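Report on the structure
Chain residues, written in single-letter form:
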Amino acid sequence: ACALVAHSARRPAWSRVVAALLVAPADVDSPAHTPPETRGFAPLPTARLPFAATVVSSRNDPFVPFERAAELARAWGAELVDAGSVGHINAESGLGDWLEGRRLLGALVARAARRGDAP
């Protein structure tokens, strides 16, 4: 989904997007880190996103090295959150309701509001 956001961010239909919480981006440019079915999203856009964004990445995500996630966050103009060593952050990761994710989303919405982007 993070690759989809990066590809779609500048499309007219997305002009009302004010913020994006980008959790566990996959490095679709790397055959070593992503399966063939995700490679259709390559090359991953690295243009600055036109809205507030936060990238959350794990130190041991098998789909993206943390350094690559940090590089994407910088390119996208996003805040980077180090989730520690929790593997790939998804429904199967065992994080449950993920209260930290809710907190990060609230902080992102507040940041977008301060920028004047949020309604």
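Above this text sits the structure in question.
Procedures and definitions
- Residues numbered from 1 in each chain as written.
- Predicted model: local features only at pLDDT ≥ 70, side-chain atom pairs only at ≥ 80, totals over all residues.
- Heavy atoms only, no water.
- 1 Å grid on protein atoms, 1.4 Å probe; cavity = no way out; pocket = protein on both sides within 12 Å on 5 of 7 lines; lining within 4 Å.
- Points joined across faces, edges and corners; volume = space filled by probe spheres on them.
- Helix = DSSP H or I, 4+ residues; strand = E, 2+ residues; numbered from the N terminus.
- Nonpolar A, V, L, I, M, F, W, Y, C, P; charged D, E, K, R; others polar.
- Pairing = 2+ DSSP bridges.
- Axes fitted to C-alpha atoms, helices over the stretch in contact; angles between N-to-C directions.
- Contact = heavy atoms within 4.5 Å.

A separate point is the layout of surface pockets. A volume near 310 Å³ is recorded for the largest pocket. The wall of the largest pocket is formed by 17 residues, among which A1, C2, A3, A24 and A26 lie closest to the centre. Of all the secondary structure elements, the ones that give two or more residues to the lining of the largest pocket are α1 (2–8) and β1 (19–23). Here the lining of the largest pocket takes 4 residues from α1, the largest share from any one element. Of the residues assigned to the lining of the largest pocket, the class counts are 15 nonpolar, 2 polar and no charged.

A few words on the sheet that holds β1. Strand order in this open sheet of 3 strands is β1-β2-β3, and the pairing throughout is parallel. Of all strands in the sheet, those bounded by a partner on one side alone are β1 and β3 (79–82). Each adjacent strand pair in this sheet contributes to an overall mean axis angle of 15 degrees, direction not counted. Relative to β3, strand β2 (residues 52–57) runs parallel, the two sharing 4 bridges. What sits directly across from T54, in β3, is E79. Along the sheet, helix α3 (residues 99–115) makes contact with β1, β2 and β3, crossing β2 at roughly 155 degrees.

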